[in-house]
Amino acid sequence: VQLQASGGGLVQAGDSLRLSCRASGITFSSYNMAWFRQAPGKEREFQAVISGRGGSTYYADSVKGRFTISRDNAKSTVYLQMNSLKPEDTAVYYCAADWAPYVTFRPSTPADDYHYWGQGTQVTVSS
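Think of each chain on its own: its residues are numbered from 1, step by step along the sequence as written. Local features are withheld for residues below a pLDDT of 70 in this predicted model, meaning they are given only at 70 or higher, and side-chain atom pairs are given and counted only at 80 or more; totals for whole chains, interfaces and linings count all residues. To obtain the side-chain values, all non-hydrogen atoms of the structure were used and water was disregarded.

Caption draft 1: Fine view of the overall build of the chain. Secondary structure counts use DSSP, requiring at least four H or I residues in a row for a helix and at least two E residues in a row for a strand, with both numbered from the N terminus. When helices and strands are counted, the chain shows 0 helices and 11 strands. Reading the chain from its N end, one meets helices and strands in the order β-β-β-β-β-β-β-β-β-β-β. In terms of overall dimensions, the chain has a C-alpha envelope of 45 × 25 × 25 Å along the principal axes. Here the chain holds 127 residues, and the buried ones make up 43% of them. What makes two residues a contact is simply this: any of their non-hydrogen atoms within 4.5 Å. For the chain, the proportion of contacts with a sequence separation of at least 24, taken over those separated by at least 6, is 59%. For the area figures, the Shrake-Rupley method with a 1.4 Å probe applies, and any residue is considered shielded solely by the protein chains shown. Here the chain displays about 6,600 Å² of accessible surface, and carbon together with sulfur accounts for 44% of that area. If the 12 positive side-chain charges of the chain are averaged to one point and the 10 negative ones to another, these points end up 7 Å apart. Any residue under 20% of the maximum accessible area for its type is buried, any over 50% is exposed, and the rest in between are partly exposed; the area is computed with a 1.4 Å probe on protein chains only. We count Lys and Arg on the positive side and Asp and Glu on the negative side, and we leave His and both chain ends out. Here the site of a charge means NZ on Lys, CZ on Arg, CG on Asp, or CD on Glu.

Caption draft 2: Here's a closer look at the sheet that holds strand β8 (residues 77–82). When DSSP finds two or more bridges between two strands, those strands count as paired. The 4 strands lie next to each other as β1-β3-β8-β7, forming an open sheet whose pairing is antiparallel. Single-partner strands in this sheet number two, and they are β1 (2–6) and β7 (67–72). Neighbour to neighbour, the strand axes of the sheet diverge by 15° on average, direction disregarded. Where β1 lies against strand β3 (residues 17–24), 5 bridges are found, and the strand directions are antiparallel. Its bridge partner lying in β3, Gln 2 is registered against Ser 24. As a rule, the C-alpha atoms of each element are fitted with a line to give its axis, helices using only the stretch in contact, and angles between N-to-C directions run from 0 to 180 degrees.

Structure (structure tokens):
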């Protein structure tokens with residue numbers, strides 16, 4: 001199983017970035033996919049999760065209205081569109097997969113609930 005995250009970079013406050021995470025080795029549509037972030041000295045923090053078929057999403061309050069999670073199951077890829085970036089969004093961003101063979105969407109926020117992780121991509125927002 002491999003989750004390959006990309007798209008990070010150095011941007012200015014107010015700019016936008018789109019992160020991508022391509023999965024291999026799993027039946028992609030059977031997994032809820034999420035994005036977390038971890039700033040230096042802080043714990044890994046949930047950002048957003050999307051259901052296996054993409055019909056449902058759930059966001060952390062801190063990014064609601066600024067970040068949008070989406071997925072393309074044909075490409076086994078999940079995205080995180082980040083708008084109106086702030087310096088406090090600076091962190092390493094990780095994608096994660098949670099096996100979820102359920103009819104009902106069950107968003108999970110604890111990092112320990114996720115089975116597979118990508119390697120992380122650095123996002124730095126300057127003021």
